[in-house]
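Overview (structure and organization)
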Amino acid sequence: MIYIIEHLEPELFPWCIIEYRHITKILGKANVLFTNIRRKKDCDRLRGFARAVKESFTTLDLKRVCVLDPAASKVLSSSDVKEFDTIVLGGILGDYPMKARTKQEIPSGYERRHLGKEQMPTDNASYVARDILAGKKMSDFTFKDGITVELGENEATDLPFRYVMIDGKPLMSGQLVELLKKGF
Ligand SMILES: C[S@@+](CC[C@H](N)C(=O)[O-])C[C@H]1O[C@@H](n2cnc3c(N)ncnc32)[C@H](O)[C@@H]1O
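To start, this report covers the structure provided alongside it. (Residues numbered from 1 in each chain as written. Predicted model: local features only at pLDDT ≥ 70, side-chain atom pairs only at ≥ 80, totals over all residues. Heavy atoms only, no water.)

1. What to know about the sheet that holds strand β6 (residues 111-113)
What the six strands build is an open sheet, ordered β3-β2-β1-β5-β4-β6; its pairing is parallel. Every interior strand has two partners, whereas the edge strands, β3 (51-52) and β6, have only one. As paired strands, strand β1 (residues 2-7) and strand β2 (residues 32-35) are joined by four bridges and run parallel to one another. Its bridge partner lying in β2, isoleucine 5 is registered against phenylalanine 34. (Pairing = 2+ DSSP bridges. Helix = DSSP H or I, 4+ residues; strand = E, 2+ residues; numbered from the N terminus.)

2. Details of the packing of helix α1 (residues 14-27) against helix α4 (residues 122-133)
Orientation of α1 relative to α4, taken along the N-to-C sense of each, is 15°, at an axis distance of 9 Å. One element, α1, and the other, α4, form an angle in the roughly parallel class. In this structure, the crossing between α1 and α4 has a hand that is right-handed. Of α4, the residues touching α1 (which contributes Glu19, His22, Ile23, Ile26 and Leu27) are Thr122, Asp123, Ser126, Tyr127 and Arg130. Along the lines of polarity and charge, the residues of the contact of α1 with α4 split into four nonpolar, three polar and three charged. (Axes fitted to C-alpha atoms, helices over the stretch in contact; angles between N-to-C directions. Parallel < 35°, antiparallel > 145°, perpendicular 65-115°, else oblique. Left-handed = near helix turned anticlockwise from the far one by under 90°. Contact = heavy atoms within 4.5 Å. Nonpolar A, V, L, I, M, F, W, Y, C, P; charged D, E, K, R; others polar.)

3. Let's talk about the site of the ligand
Close to the ligand lie 22 residues, the nearest being Leu68, Asp95, Thr102, Gly116 and Glu118. In the model, a nitrogen atom of the ligand is placed 2.8 Å from a nitrogen or oxygen of the leucine 115 main chain. Here the ligand, which alone exposes 570 Å², has 99% of that area covered by the protein. Cavity membership is defined here by more than half of the atoms lying within 2 Å of grid points; on that basis the ligand lies in the largest cavity. (Near = heavy atom within 4 Å. Polar contact = N/O pair within 3.5 Å; in protein donor to acceptor, adjacent residues only side chain to side chain. Areas by Shrake-Rupley, 256 points an atom, 1.4 Å probe, with all protein chains shown as cover. 1 Å grid on protein atoms, 1.4 Å probe; cavity = no way out; pocket = protein on both sides within 12 Å on 5 of 7 lines; lining within 4 Å. Sits in = over half its atoms within 2 Å of the grid points.)

4. Things to note about the nonpolar core
Residues Tyr20 and Phe34 are the most contacted members of the largest nonpolar core, which totals 47 residues. For this core, the leading source of residues is α1, giving eight residues. Setting aside chain neighbours within four positions, we find phenylalanine 34 in contact with Ile5, Tyr20, Ile23, Thr24, Leu46, Ala50, Arg51, Ala52 and Val53. Ranked by size, the runner-up nonpolar core spans nine residues in total, among them Leu8, Phe57, Ile92 and Ile106. (Core = buried A, V, L, I, M, F, W, Y, C linked by side-chain atoms within 4.5 Å. Buried < 20%, exposed > 50% of the residue type's maximum accessible area, 1.4 Å probe, protein only.)

Structure follows, in structure tokens:
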């Protein structure tokens, strides 16, 4: 299975780089491709740790593609591993309330699946999709809707997204916590 992250933000923000590095670590460099990285300097930056191209996945000759979209009507299941060769996720920052950007910005004509109706950060969605396609069920995960990240002695920030819990902790890059501490 190849996982594609279609970058849909206007810039390659520092949080994108951190999240994309985390996704590459979760899925393995050979299994993930970052697409729609328009600026050469951004491609070069990502190529330091990942595979990246300037083209949108929509221009690549791909077959048996599934877009992961919280607005999809069908849930991703383990049997989908036989249906698809490519899983596409949006390189999109979570927004609250959800603006359905995956639905709007990734053209229609592709099969779509959801991982529950709550939005997860892209790294969490990648982790859950990988495990579902390896045989896990949604009911095998522990999720937490909305987390609080401690930033300092008297400071914290709430992130209103769904996180998968691993050993009692939300799946989140330590580098992202550091970025939040610096004020994003
Ligand atoms: C932070 S989410 C962005 C959601 C975005 N705010 C929207 O309105 O579609 C980033 C990406 O992770 C994937 N994703 C996150 N939660 C998902 C879910 N519950 N079901 C399917 N895909 C999900 C999708 O590919 C999505 O484009």
